[in-house]
Amino acid sequence: TNLDGQTTAGGGLTWNAVRGTWRIRGNQADANNNDVALAVAATSPYRAVEATTYRGGTTFDIGLFVNMNAGGTQFISAELTNANNGELQIWRYSNGGWTLLTSTSNLYSGPASGWPTSATMRMTSAPGGALTVTIYGSVVATYTLSAGDQATYQNASHQNFGLYSYYDGDSRWDDFHLDSA
């Protein structure tokens, strides 16, 4: 089943495949290609998005995004990667350009094949530009957007939140939540 245009399990919100193709696989959202985003439109730029991510192998880059515009050309993402013994990265994307805002390394030890295959991630975009990312409820990374980035990303035209994968075409997501910040 193609998820684009489908209603979320909680009802009321509609999935929008802003970037790439999304489908249902094993009752979970599945992106079968790279650089993909699946969004729901919120009514505020201040929200928290949460989902359980399931990596598809030992090379992965999966996560969530906040404050995306309708065209998918501007957003902030939190991505869990296999780099540096497991790394959480917060990125700003704008019109084809990526900027790494902050990262936290060494989340795991040993080879990636021994790491957990899933992670419950939550990314919050709060007033004042505060970004917070948690994994299993523990804060892993925080960042405060500059005044200019707050004006660009935390506004009425950037109210899409959802699931994101940069180069991992085999990962899945489940238990999606969109909450107030």
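In case you missed it, the structure is sitting above this.
Residues numbered from 1 in each chain as written. Predicted model: local features only at pLDDT ≥ 70, side-chain atom pairs only at ≥ 80, totals over all residues. Heavy atoms only, no water.

Notes on the nonpolar core
Then step 1. Judged by nonpolar contacts, the single largest core of 38 residues is most densely connected at Trp22, Ile76, Leu88, Ile90, Met123 and Leu163.
Then step 2. Sequence-distant contacts of Ile76, defined by excluding residues within four places in its chain, comprise Leu64, Phe65, Val66, Ile90, Trp91, Arg92, Leu101, Met123, Leu131, Leu145 and Tyr153.
Then step 3. Counting eight residues, the second largest nonpolar core, distinct from the first, contains Ala37, Phe65, Met68 and Tyr164. (Core = buried A, V, L, I, M, F, W, Y, C linked by side-chain atoms within 4.5 Å. Buried < 20%, exposed > 50% of the residue type's maximum accessible area, 1.4 Å probe, protein only. Contact = heavy atoms within 4.5 Å.)

Focus on the sheet that holds strand E2 (residues 22–25)
Then step 1. Strand order across the open sheet formed by seven strands is E2-E3-E14-E5-E10-E11-E12, with antiparallel pairing between neighbours. Looking at strand neighbours, the two that pair on one side only are E2 and strand E12 (138–144), the edges of this open sheet. Ignoring which end each strand starts from, the neighbouring axes of this sheet average 30° apart.
Then step 2. Here strand E5 (residues 47–54) pairs with strand E14 (residues 172–180) via seven bridges, running antiparallel. Across the sheet, residue Val49 finds its bridge partner in E14, namely Leu178. (Pairing = 2+ DSSP bridges. Helix = DSSP H or I, 4+ residues; strand = E, 2+ residues; numbered from the N terminus. Axes fitted to C-alpha atoms, helices over the stretch in contact; angles between N-to-C directions.)

Here's the deal with the pattern of salt bridges
Then step 1. Inspection of the entire model under this criterion finds six salt bridges.
Then step 2. Two residues, Asp30 and Arg25, come together in a salt bridge whose shortest N-O distance is 3.7 Å.
Then step 3. Under the relative-accessibility criterion, Arg25 is labelled partly exposed at 30%.
Then step 4. Between Glu50 and Arg122 there is a salt bridge, and its shortest N-O distance comes to 2.8 Å. Residue Glu50 is found in strand E5, and its partner Arg122 is found in strand E10 (residues 118–126); the two are separated by 72 residues along the sequence.
Then step 5. Classification of Arg122 as partly exposed rests on a relative accessible area of 22%.
Then step 6. Among the charged side chains, a network of salt bridges with common partners joins Arg23, Arg25 and Asp30. (Salt bridge = Lys/Arg side-chain N within 4 Å of Asp/Glu carboxyl O.)

Focus on the pairing of strand E7 (residues 74–81)
Then step 1. Summarising burial for E7: eight of the eight residues are buried, a large majority.
Then step 2. The alternating pattern of E7 places Gln74, Ile76, Ala78 and Leu80 on one face and Phe75, Ser77, Glu79 and Thr81 on the opposite face, and all of these are buried.
Then step 3. Pairing between strand E6 (residues 61–68) and E7: six bridges, direction antiparallel. Looking across to E7, one finds that Gly63 is bridged to Glu79.
Then step 4. Linkage of E6 to E7, two consecutive antiparallel strands, is achieved through a turn of five residues, within which Gly72 is found at a positive phi near 75°.
Then step 5. Where E7 meets strand E8 (residues 87–94), eight bridges bridge the pair, whose relative direction is antiparallel. Residue Glu79 lies in a different strand from E8, and its bridge partner there is Gln89.
Then step 6. Counting the residues between successive antiparallel strands, the hairpin from E7 to E8 contains five residues, one of them, Asn84, with a positive phi of roughly 50°.

By themselves these figures say nothing about function.
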